[in-house]
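Examining the three-dimensional arrangement
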Amino acid sequence: MMARENNMLKKLKILIAGCATIFLLTSCTGGDSVSMDNNINSLQSFKEYQWESLAQRKIYFGHQSVGFNIMEGLNDLMRENKSIKLNIIETSDRRSMQTGAFAHSRVGNNEDPHSKTVAFEKLLDDGLGDACDTAFFKFCYVDINSETDIQDVFSSYKNTMKRLKEEYPHIRFIHTTVPLGASRSNWKVTIKKILGKEIWAYEQNIARNRYNDLLREEYAGKEPIFDLAQVESTYPDGTRSTFEKDDKVYFSMVPDYTYDHGHLNEKGRRMVAQELLNVLISLE
């Protein structure tokens, strides 16, 4: 009886220590003390001719909900910097590409990454491929989870992009990493760690990290990459949002960039939109 009570007391002490650690970590964060001004002001480094050239491009972007967050971020930046004059329109109609345009639309179905690859390919083959000069699409964070066959999804994507590049050599294709989710630490997570139970948010982000590693290994230094996941996991001061499992470090979304663990809030969408502009201008 005494041994049982001592064992229970020991577990209780561990739980209390874990909760105390969380309190200290959450109460010592910098919060909003780090300014984003330097990030936004970097737009000023681009020349007027670069913005004018970008405005004449015929760009197509396929996405779902996080994509709409990104487009909102672009509109935020355009309101603040009058040199950015993108003609943003929600459409996949090739006729919208007769003049400079940044066209975007939904592709495929959430939780079905293959449907998005197929939909993107079909849009280009149905005429959009002859009209645009830049094209890309993204998966959503809900498309990749711990049960996803990562290699199968990536192989399908890689093979499709290879065919499209051969079919439309005039298009600059951009590869996009899968967005992450926020992996917040709280008392429930600490208890699961102590008990050795699976942490759902961790498992989903581990799968997304694995997909993104495959994409970077395949295209980094060879073809353009819009590294959405890297932006989402990087604080304004340059440090990264990470977690560990089995002695391995993985990236997660900065909690300050989201309102629901996955979609981008105003701060997050501006950071991501900034990086997208950097990638697009680098294609000039």
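These figures come from a predicted structure and were not determined experimentally.

Geometry of a packed helix pair, given as the angle between the helix axes and the separation of the axes. Packing of helix α4 (residues 65-80) against helix α10 (residues 266-282) leaves a shortest axis separation of 7 Å and a crossing angle of 80 degrees. One finds that α4 runs roughly perpendicular with respect to α10. In this structure, α4 contributes Asn69, Ile70, Glu72, Gly73, Leu74, Asp76, Leu77 and Glu80 to the contact, and α10 contributes Glu266, Arg269, Arg270, Val272, Ala273, Gln274, Leu276 and Leu277. For the contact of α4 with α10, the residue count by class is seven nonpolar, three polar and six charged.

Quick look at helix α5 (residues 113-131) now. What sets the pattern is the α-helix's 3.6 residues per turn: residues three or four places apart point alike. Taking 1.5 Å of rise per residue, the 19 residues of α5 would be expected to cover 27 Å, and the 25 Å separating its terminal C-alpha atoms lies within 8% of that figure. The axis of α5 is deflected most strongly, by about 70 degrees, at Asp125. Looking only at α5, the buried set comprises Pro113, Ser115, Lys116, Thr117, Phe120, Glu121, Leu124, Gly127, Leu128, Gly129 and Ala131. Packed against the buried residues of α5 are β1 (58-63), β4 (134-137), α6 (150-167) and β5 (172-173).

Another aspect to go through is the pattern of salt bridges. Within this structure, the stated rule accounts for 16 salt bridges. Here Asp76 and Arg269 are joined by a salt bridge, their closest N and O atoms 2.6 Å apart. Within this pair, whereas Asp76 is found in helix α4, its partner Arg269 is found in helix α10, the two being separated by 193 residues in sequence. The exposure class of Asp76 is buried, given its relative accessible area of 5%. Across the salt bridge formed by Arg163 and Glu121, the nearest N and O atoms sit 2.8 Å from each other. Placement of the pair is Arg163 in helix α6 and Glu121 in helix α5, with a sequence separation of 42 residues. According to the relative accessible area criterion, Arg163 is partly exposed, its value standing at 29%.

Membership of the largest hydrophobic core comes to 38 residues, with the highest contact counts inside it found for Ile70, Phe102, Phe226 and Leu277. Of all the elements in the fold, those that place two or more residues in this core are α3 (48-55), β1, α4, α9 (228-232) and α10. Leave out the neighbours within four places in its chain, and Leu277 touches Leu43, Trp51, Leu54, Leu74, Leu77, Ile84 and Leu86. Met97, Ile150, Leu164 and Phe173 belong to the second largest nonpolar core, which has 29 residues in total.

A word on the environment of Arg106. Mapped onto the secondary structure, Arg106 falls in strand β3 (residues 101-106). For Arg106, the contacting residues outside a window of four places in its chain are Tyr60, His63, Gln64 and Phe68.

By the definition in use, this model includes 14 aromatic pairs. Through successive ring pairs, a cluster of aromatic residues spans Tyr60, Phe120, Phe137, Phe139, Phe154, Tyr157, Tyr211 and Tyr219. A cation over an aromatic ring shows up here: Arg240 above the ring of Phe251, its NZ or CZ 3.8 Å from the ring centre.

For the rest of this paragraph, the subject is empty space enclosed by the protein. Across all of its chains, the model carries one cavity of 30 Å³ or more by this definition. Looking at the largest cavity, its volume works out to about 40 Å³. In terms of lining residues, the largest cavity is bounded by Leu180, Asn209, Asn212, Asp213, Arg216, Ala229, Gln230, Ser233, Arg240 and Phe251. Of all the secondary-structure elements, those providing two or more residues to the lining of the largest cavity are α8 (200-219) and α9. Examining the composition of the lining of the largest cavity, we find that four residues originate from one element, α8, more than from any other. Its residues placed into classes, the lining of the largest cavity shows three nonpolar, four polar and three charged.

Time to look at the sheet that holds strand β2 (residues 88-90). Spatially, the five strands line up as an open sheet ordered β2-β3-β1-β4-β5, and their pairing is parallel. The outermost strands of the open sheet, each flanked by one partner alone, are β2 and β5. Of the strand pairs in this sheet, β1 and β4 are connected by four bridges, and their pairing is parallel. From the neighbouring strand, Ile59 faces β4, where its bridge partner is Thr134.

Attention now goes to the confidence of the model for the chain. A residue-level look at the chain finds 80% of positions with pLDDT of 70 or above and a mean pLDDT of 85. Across residues 11-40, where pLDDT falls below 50, the model places 24 contacts with residues more than four positions away in sequence or in other chains. The low-confidence segment residues 186-200, where pLDDT is below 50, has 17 contacts with residues more than four positions distant or belonging to other chains.

Our focus in this paragraph is the packing of α5 against α6. It is at 10 Å that the axes of α5 and α6 come closest, and there the two elements cross at 10 degrees. Taken together, the axes of α5 and α6 are roughly parallel relative to one another. Contacts from Pro113, His114, Thr117, Phe120, Glu121, Leu124 and Asp125 in α5 reach Asp152, Val153, Ser156, Tyr157, Thr160, Met161, Arg163 and Leu164 in α6. Partitioned by chemical class, the residues of the contact of α5 with α6 number seven nonpolar, four polar and four charged.

Calculation notes
- Residues numbered from 1 in each chain as written.
- Predicted model: local features only at pLDDT ≥ 70, side-chain atom pairs only at ≥ 80, totals over all residues.
- Heavy atoms only, no water.
- Axes fitted to C-alpha atoms, helices over the stretch in contact; angles between N-to-C directions.
- Helix = DSSP H or I, 4+ residues; strand = E, 2+ residues; numbered from the N terminus.
- Parallel < 35°, antiparallel > 145°, perpendicular 65-115°, else oblique.
- Contact = heavy atoms within 4.5 Å.
- Nonpolar A, V, L, I, M, F, W, Y, C, P; charged D, E, K, R; others polar.
- Expected span 1.5 Å × (residues − 1).
- Bend = angle between axes of the 7 residues up to and from the residue.
- Buried < 20%, exposed > 50% of the residue type's maximum accessible area, 1.4 Å probe, protein only.
- Salt bridge = Lys/Arg side-chain N within 4 Å of Asp/Glu carboxyl O.
- Core = buried A, V, L, I, M, F, W, Y, C linked by side-chain atoms within 4.5 Å.
- Phe/Tyr/Trp six-rings, centres within 6.5 Å; stacked < 30°, edge-to-face > 60°.
- Lys NZ or Arg CZ within 6 Å of the ring centre and 35° of its normal.
- 1 Å grid on protein atoms, 1.4 Å probe; cavity = no way out; pocket = protein on both sides within 12 Å on 5 of 7 lines; lining within 4 Å.
- Points joined across faces, edges and corners; volume = space filled by probe spheres on them.
- Pairing = 2+ DSSP bridges.
- pLDDT = per-residue confidence, 0-100.

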